[in-house]
2 protein chains.
Amino acid sequence: MTDIHRVERAAERLKGHVRRTPLLNSPLLDRFARRRIFVKAECLQFTGSFKFRGAWAAISALPAPVRDRGVIAFSSGNHAQGVALAAARHGIPAVIVMPSDAPAVKIANTRAYGAEVILYDRETEDRDAIGEKLADERGLTLIKPFDNPEVIAGQGTAGIEIAEQAALLGIDMADVLVCCGGGGLTSGIALALERHAPGLRARPVEPEGFDDVARSLAAGAHRKNERLTGSICDAIITPTPGQLTFPIMKRLCGPGLTVSDDEALHAMALAFAHLRIVLEPGGAVALAAAIFRKPARPDEPVIAVASGGNVDPSVFIEALNRFGS
Amino acid sequence: MTDIHRVERAAERLKGHVRRTPLLNSPLLDRFARRRIFVKAECLQFTGSFKFRGAWAAISALPAPVRDRGVIAFSSGNHAQGVALAAARHGIPAVIVMPSDAPAVKIANTRAYGAEVILYDRETEDRDAIGEKLADERGLTLIKPFDNPEVIAGQGTAGIEIAEQAALLGIDMADVLVCCGGGGLTSGIALALERHAPGLRARPVEPEGFDDVARSLAAGAHRKNERLTGSICDAIITPTPGQLTFPIMKRLCGPGLTVSDDEALHAMALAFAHLRIVLEPGGAVALAAAIFRKPARPDEPVIAVASGGNVDPSVFIEALNRFGS
């Protein structure tokens, strides 16, 4: 189980290895949104997303003899890159199992971070079987993307930073909107805020039609998405909240929010113009909710976690072409 | 005259008002460039460029009765926005004199920061006469973009931060490449490094064909650019080094470097992909030099100041289309 003590121990291990990302704001963005918005720019984290925190926390928590044999992960996205770099910095092998139709640049980047990439055919091969065989043969430890207590703790270190940065700004009451897939980042931040900034409340933000977490929170029990494709926010599409993350979110989080793909693209263009940061669609949904959803308490500022910035140029160009003027 | 004491006094006045921008790096960028590169991300500064530092320093240094009457600046770019916001935050009027053919978004942004914008016709009207008349009538103080001792001191606060951030990373010998127009940022940083990081050496970077500072440094005396248009790096095109900035640069700076417009665009695309920051062409020339120019001492890391990120979407799209794959 992940509790605040685990988050704080992860923060100790991450110190000096993970970037303390800035909390950005812009008077022109506030003017556009008609509210005070602060953006936790995790797109500036190593490997371009918060995933590096969880990967570092999980790898650094392994007993040395286990860690030295190496780690394995299934991912074609931000988790792959986070695990690859965290493993390389620990000097241990990393195997990342990716679908052979993953974008070439993601495969190349994962390799460039030092990982061995094993490609499989989505249609004919069983990813889990490949992974299990490799893990058995080489003694690799599987690093799951969110349902791992140390991964949740690592993501929660972003919440400790938010609590400290908000205190410096005199913000003691605010919603903290978090881009949410399986809930690792949301639940970790919620734990950190409960202890370090009890007036700040984590709320998950998801793409419309893929709001399994929002519906699960409303129902008090796991709900599933009907489909897993069809949103531009691919980085945060998951079937259902995690087994470990959901109880934490249920206890601590406010109601979930959803935004459309167009709103995510629009938020990317506004972040480009006013904050000069690069966001991917799935990393922009929290900012989109901050901008386009009516605040529950209009006088309070809002904090949006910009969780990642690994975006194909073509998608970024679409955002600028449609919303960049 | 600007000396280190003036820079340090400016740093005191800026504390809590100006963003301490991060020093970013990326293993994949290093791999591409075959050297260790650190990027001082001044594009994340308020108003999207370092100009806010100098504006704040100059305005906060004015005696209160003078300051309260307001300030005036001539600029269609980053200096305009820096002065506008710094004045607004001081609660004083700001008048910005801009050409009527300036991009609509820049005029709108300057107004949105709270300034009064006076438009003039480049062909038929005399900018300086308009400015002098306004300044006389209203008792406004002119804030020059670089040839002002307090502006230089304000820009130099970025150099104090670089010295501190480099020390934390164990970097004690490195070139610090600075995007250079009139030399306010370059000379201010050079003063800060002389005192706080004597192993770090500031070097100006300019667009090819507009290398007045590099040629002036080589000649030991002021040289002029033959033309003032024709580069995409409009933010840093100036006729000749400043009267106040050049003596400082001559005493402290290493040789100047130049890059092509295409190299600046390529650096923008690499900053997008690997650092997830938005740079304008003039704000990317130092990074371009770090990437594309052979290092004098290959084993040393290099620090590049990314000075601004106010870029039209169309120019950014061009950078991604040509160099973003």
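Residues numbered from 1 in each chain as written. Chains lettered and ligands numbered in written order. Predicted model: local features only at pLDDT ≥ 70, side-chain atom pairs only at ≥ 80, totals over all residues. Heavy atoms only, no water.

Caption draft 1: Spatial organisation of the side chain of A:Thr110. Residues and elements named next belong to chain A. Relative to the helices and strands, threonine 110 is located in helix H6 (residues 104-112). Separated by 2.7 Å, the side chain of threonine 110 and the backbone oxygen of lysine 106 make a polar contact. Discounting residues that sit within four places of it in the chain, threonine 110 has contacts with Ala80, Gln81, Ala84, Ile96, Met98, Ala115 and Val117. (Helix = DSSP H or I, 4+ residues; strand = E, 2+ residues; numbered from the N terminus. Polar contact = N/O pair within 3.5 Å; in protein donor to acceptor, adjacent residues only side chain to side chain. Contact = heavy atoms within 4.5 Å.)

Caption draft 2: Representation of helix H14 (residues 313-323) of chain A in the model. By the burial criterion, the buried members of H14(A) are A:Pro313, A:Val315, A:Phe316, A:Ile317, A:Ala319 and A:Leu320. Those residues of H14(A) that are buried are in contact with helix H12 (261-274) and helix H13 (281-292) of chain A together with helix H12 (261-274) and helix H14 (313-323) of chain B. (Buried < 20%, exposed > 50% of the residue type's maximum accessible area, 1.4 Å probe, protein only.)

Caption draft 3: Up close: the packing of aromatic side chains. What the rule picks out here adds up to 11 aromatic pairs over all chains. On the basis of an interplanar angle of 65° and a centroid distance of 5.7 Å, the ring pair of A:Phe46 and A:Phe52 is categorised as edge-to-face. Using a relative accessible area of 10% as the deciding quantity, one classes A:Phe46 as buried. Overall, the relative accessible area of 0% leaves A:Phe52 in the buried class. The ring of B:Phe46 has B:Arg19 sitting right over it, with the charged end atom 4.2 Å from the ring centre. (Phe/Tyr/Trp six-rings, centres within 6.5 Å; stacked < 30°, edge-to-face > 60°. Lys NZ or Arg CZ within 6 Å of the ring centre and 35° of its normal.)

Caption draft 4: Local environment of the relation of the copies chain B and chain A. Laying chain B over chain A is done by rotating through 180° and shifting 0.0 Å along the axis; what remains is an RMSD of 0.0 Å. Look at the turn and shift together and you get a two-fold axis relating the two. Of every C-alpha in chain B, the one belonging to B:Ile277 sits nearest the axis of rotation, 2.3 Å from it. A shared binding surface is used by both copies, with 100% of the interface residues of chain B retained as interface residues in chain A. (Least-squares fit on C-alpha atoms with pLDDT ≥ 70 in both.)

Caption draft 5: The arrangement of the nonpolar core in detail. Residues A:Ile277, A:Leu287, A:Phe316, B:Ile277, B:Leu287 and B:Phe316 are the most contacted members of the largest nonpolar core, which totals 88 residues. Setting aside chain neighbours within four positions, we find A:Ile277 in contact with A:Leu24, A:Val39, A:Ala41, A:Cys43, A:Leu44, A:Ala271, A:Phe272, B:Leu44, B:Arg276 and B:Val278. In this structure, A:Leu14, A:Val18, A:Ala94 and A:Ala202 belong to the second largest nonpolar core, which totals 67 residues. (Core = buried A, V, L, I, M, F, W, Y, C linked by side-chain atoms within 4.5 Å.)

Caption draft 6: Fine view of the interface of chain B and chain A. Taken together, the contact between chain B and chain A spans 33 residues of the former and 33 residues of the latter. Here chain B and chain A share an interface that buries about 2,700 Å² over both sides, 65% of which is from carbon and sulfur atoms. Of all residues in chain B, B:Leu28, B:Phe272 and B:Arg276 give up the largest surface area on contact with chain A, accounting jointly for 25% of the area buried on that side. In this structure, the connection of chain B to chain A is made through zero salt bridges. At the surface where chain B touches chain A, the tally comes to eight residue pairs in polar contact (both at pLDDT 80 or more). (Buried area = accessible area lost by both parts, 1.4 Å probe. Salt bridge = Lys/Arg side-chain N within 4 Å of Asp/Glu carboxyl O.)

Caption draft 7: Geometry of the domain arrangement of chain A. Residue and element names in this part refer to chain A. Domain annotation of chain A identifies domain 1 (4-50 + 148-323) and domain 2 (52-142). For domain 1 versus domain 2, the distance between C-alpha centres works out to 25 Å. The interface is formed by 27 residues belonging to domain 1 together with 16 residues belonging to domain 2. Summed over both sides, the interface of domain 1 with domain 2 buries roughly 1,600 Å², with 55% coming from carbon and sulfur. Three residues stand out in domain 1 for area buried against domain 2, namely Arg13, His17 and Thr47, and they jointly supply 32% of the buried area on that side. Inspection of the domain 1/domain 2 interface yields two salt bridges. For arginine 53, the salt bridge is made with glutamate 42, and the minimal N-O distance between the two is 2.5 Å. (Domains from an automatic or database assignment.)

Caption draft 8: The arrangement of the sheet that holds strand S6 (residues 141-142) of chain B in detail. All names here are of chain B. Taken together, the four strands give an open sheet; going across it, the order is S5-S4-S3-S6, and neighbouring strands pair in parallel fashion. The open sheet has two edge strands, strand S5 (116-120) and S6, and neither has a second partner. Direction of pairing for strand S3 (residues 71-74) relative to strand S4 (residues 94-99): parallel, over a ladder of four bridges. Within the sheet, the bridge partner assigned to valine 71 lies in S4 and is alanine 94. (Pairing = 2+ DSSP bridges.)

Caption draft 9: Highlighting the pattern of salt bridges. Taken as a whole and judged by the stated rule, the model has 42 salt bridges over all chains. The salt bridge involving B:Asp211 is made with B:Arg215; its shortest N-O contact spans 3.0 Å. The buried category is assigned to B:Asp211, whose relative accessible area is 17%. Sharing partners across several salt bridges, the network here consists of A:Asp175, A:Arg201, A:Arg203, A:Arg297 and A:Glu300.

Caption draft 10: Structural detail: the environment of B:Ala235. Residues and elements named next belong to chain B. You can see alanine 235 is positioned in the loop between helix H10 (212-219) and helix H11 (245-252). When the C-alpha positions of alanine 235 and alanine 10 are compared, they lie 24 Å apart, and in sequence the two are 225 residues distant. With residues up to four places along the chain from it excluded, the contact list for alanine 235 reads Asn78 and Glu280.

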